[in-house]
Amino acid sequence: MNILTRPILEINLSNVLKNYNVLANLSHPAIAAAVVKDDAYGLGADKVAQMLYEKAYCRYFFVAHASEGEKISSLIPDAKIYVLQGIGTDSLSSFQSTANLIPVISSPEMLNFYKQNKIEGIKPAIQIETGLNRLGFRAEDLAQLDSEDIKMFSLVLSHLACGDEKDHFMNQHQMENFTKLKNEYFPKTPASLSASDGVFLGKDFHQNMVRLGAAMYGINTTPYRPNQMENVVTLKAPVLQITKLPKGDFVGYSATYRASSDRKIAIVSIGYGDGLPRSLSNVGKVFFKTLNRLTEARIIGRVSMDNVICDVTNVEGLQCGDMAYLAADFYTLDDVARDAGTISYEIMSRLGKNTRFEKIYI
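Let us look at the structure shown here.

Reading guide: rules and limits
- Residues numbered from 1 in each chain as written.
- Predicted model: local features only at pLDDT ≥ 70, side-chain atom pairs only at ≥ 80, totals over all residues.
- Heavy atoms only, no water.
- Helix = DSSP H or I, 4+ residues; strand = E, 2+ residues; numbered from the N terminus.
- Buried < 20%, exposed > 50% of the residue type's maximum accessible area, 1.4 Å probe, protein only.
- Contact = heavy atoms within 4.5 Å.
- Lys, Arg positive; Asp, Glu negative; His and termini not counted.
- Salt bridge = Lys/Arg side-chain N within 4 Å of Asp/Glu carboxyl O.
- Polar contact = N/O pair within 3.5 Å; in protein donor to acceptor, adjacent residues only side chain to side chain.
- Pairing = 2+ DSSP bridges.
- Axes fitted to C-alpha atoms, helices over the stretch in contact; angles between N-to-C directions.
- Parallel < 35°, antiparallel > 145°, perpendicular 65-115°, else oblique.
- Left-handed = near helix turned anticlockwise from the far one by under 90°.
- Nonpolar A, V, L, I, M, F, W, Y, C, P; charged D, E, K, R; others polar.
- Phe/Tyr/Trp six-rings, centres within 6.5 Å; stacked < 30°, edge-to-face > 60°.
- Lys NZ or Arg CZ within 6 Å of the ring centre and 35° of its normal.

Tallying secondary structure elements over the chain gives 12 helices and 18 strands in all. Projected onto its principal axes, the C-alpha positions of the chain cover 75 × 45 × 35 Å. For the chain, with 362 residues in total, the buried portion stands at 54%. Partitioning the contacts of the chain with sequence separation of at least 6, the portion at a separation of at least 24 is 66%.

Turning next to the side chain of Arg211. Relative to the assigned elements, Arg211 resides in strand β9 (residues 209-212). Buried charge without a partner: Arg211 forms no salt bridge, and the closest opposite charge is Asp197, 7.6 Å away. Only 2.9 Å separates the side chain of Arg211 from the side chain of His159, close enough to count as a polar contact. Within polar-contact distance, the side chain of Arg211 engages the side chain of Ser192 at 2.7 Å. Once you skip the residues sitting within four places of it in the chain, Arg211 turns out to touch Ala33, Val35, Phe62, Leu157, Ser158, His159, Ser192, Leu193, Ser194, Ala195 and Ser196.

Turning to the pairing of strand β13 (residues 263-268), a few remarks are in order. Summarising the sheet, strand β10 (residues 233-245) and β13 pair through six bridges and their orientation is antiparallel. Bridge pairing in β13 links Lys244 to Lys264. The pairing of β13 with strand β16 (residues 308-311) spans four bridges and is classified as antiparallel. Directly across from Ala266, in β16, lies its bridge partner Cys310.

Below, the discussion takes up the packing of helix α1 (residues 13-27) against helix α3 (residues 45-55). Think of two packed helices as two axes; the pair is described by the angle between the axes and how far apart they sit. Where α1 contacts α3, the two axes come as close as 10 Å, and the packing angle between them is 55°. Here α1 lies oblique to α3, going by the angle between them. Where α1 crosses over α3, the handedness of that crossing is right-handed. Mapping the contact onto sequence places Leu13, Val16, Leu17 and Tyr20 in α1 and Lys47, Val48, Met51, Leu52 and Lys55 in α3. Residues of the contact of α1 with α3, tallied by class, amount to seven nonpolar, no polar and two charged.

Attention now moves to unusual backbone geometry. Residue Pro29 follows His28 across a cis peptide bond; omega there is 15°. At Asp39, a position not held by glycine, the phi torsion is positive, near 55°. Residue placement: Asp39 occurs in helix α2 (residues 37-41). By relative accessible area, Asp39 is classed as partly exposed at 32%. If you check the backbone angles, Leu291 has positive phi at about 50° while not being a glycine. One can find Leu291 in the loop between β14 (285-290) and β15 (293-300). With a relative accessible area of 53%, Leu291 lands in the exposed category.

Before going further, it helps to examine the packing of aromatic side chains. Overall, the coordinates contain six aromatic pairs when judged by the stated rule. Between Phe287 and Phe330, the ring centres sit 5.5 Å apart and the planes meet at 65°, which makes this aromatic pair edge-to-face. Of this pair, Phe287 sits in strand β14 while Phe330 sits in the loop between β17 (323-327) and α11 (333-340), and the two are 43 residues apart along the sequence. Note on Phe287: relative accessible area 8%, which makes it buried. Take Phe330: its relative accessible area is 33%, and that puts it in the partly exposed class. Ring-pair connections join several aromatic residues into one group, and the members of that group are Phe287, Tyr325, Phe330 and Tyr331. One cation-aromatic arrangement involves Lys289 over Tyr325; the distance from NZ or CZ to the ring centre is 4.5 Å.

Structure (structure tokens):
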């Protein structure tokens, strides 16, 4: 008998490539940059970046921290790697030792630091604030820049607050703010306004470069329309035990579920220690493929650190060692996030970085 005990995370790199190409075609002639921050949303920045570099000829990448860019730099040697969190004392050595890292300067203080520690051979990017009220130079900050400062930058960028809502007034509001500030201060500098969701808002939002992230990894960044992206992540975990649950008995910590009739339960080897949201307790779903049929089963009781308990009364032919599917083509991370009351970005990031999974790349 083949007994498995670890959850498995399958990552379909072929579908990442397909999704990148779809988004790149939609945004053409704008440059399609790939966002591989947070270890490519937990899916493996080294593998994703190298694959896009070699097979899609992507030459522009975005990471959050210089340390992330430093790790993949040798895999994408003549690509530009923009660092969204910018440059500081704790990252200066990474910029000094890695030729293709480009800091995104987001405040006057960071600009002053950069001027004191200039990196030869690169031109930084500048982030401007247009409505999200997060990182970026405000209009009054830009007014303090001199002509030499303005010529320093190779890219001007901002970020949409509501790009996932096609008709939200903030999209046009930010576009107008971005256009005004760019024309006033950076009329000849290439521009980037949109991440994945902005690709679907139209050509005006594409500017010179789009930053492809979540959608490239299969997440639906446009919930107002059917997802055009291929699924990338399959999450499954083995059944460790199948047993009876008599009527009136309780299940799991805090006894939050009580059987109203005799039930059959399966204990599945995955829990919040693996990144599965605890909020799926008593509301989450798993799926089993048995007897050439796909059957849905409910998570009952609390999600614990290492296990979930599922009601498999109606799952025919289930055996120990069979796999429970927690995310797949038919029940995506967007669906899991909806049931967990969170967003698929968070779940993907948490799952992907967990070291307890067996990761399989397709």
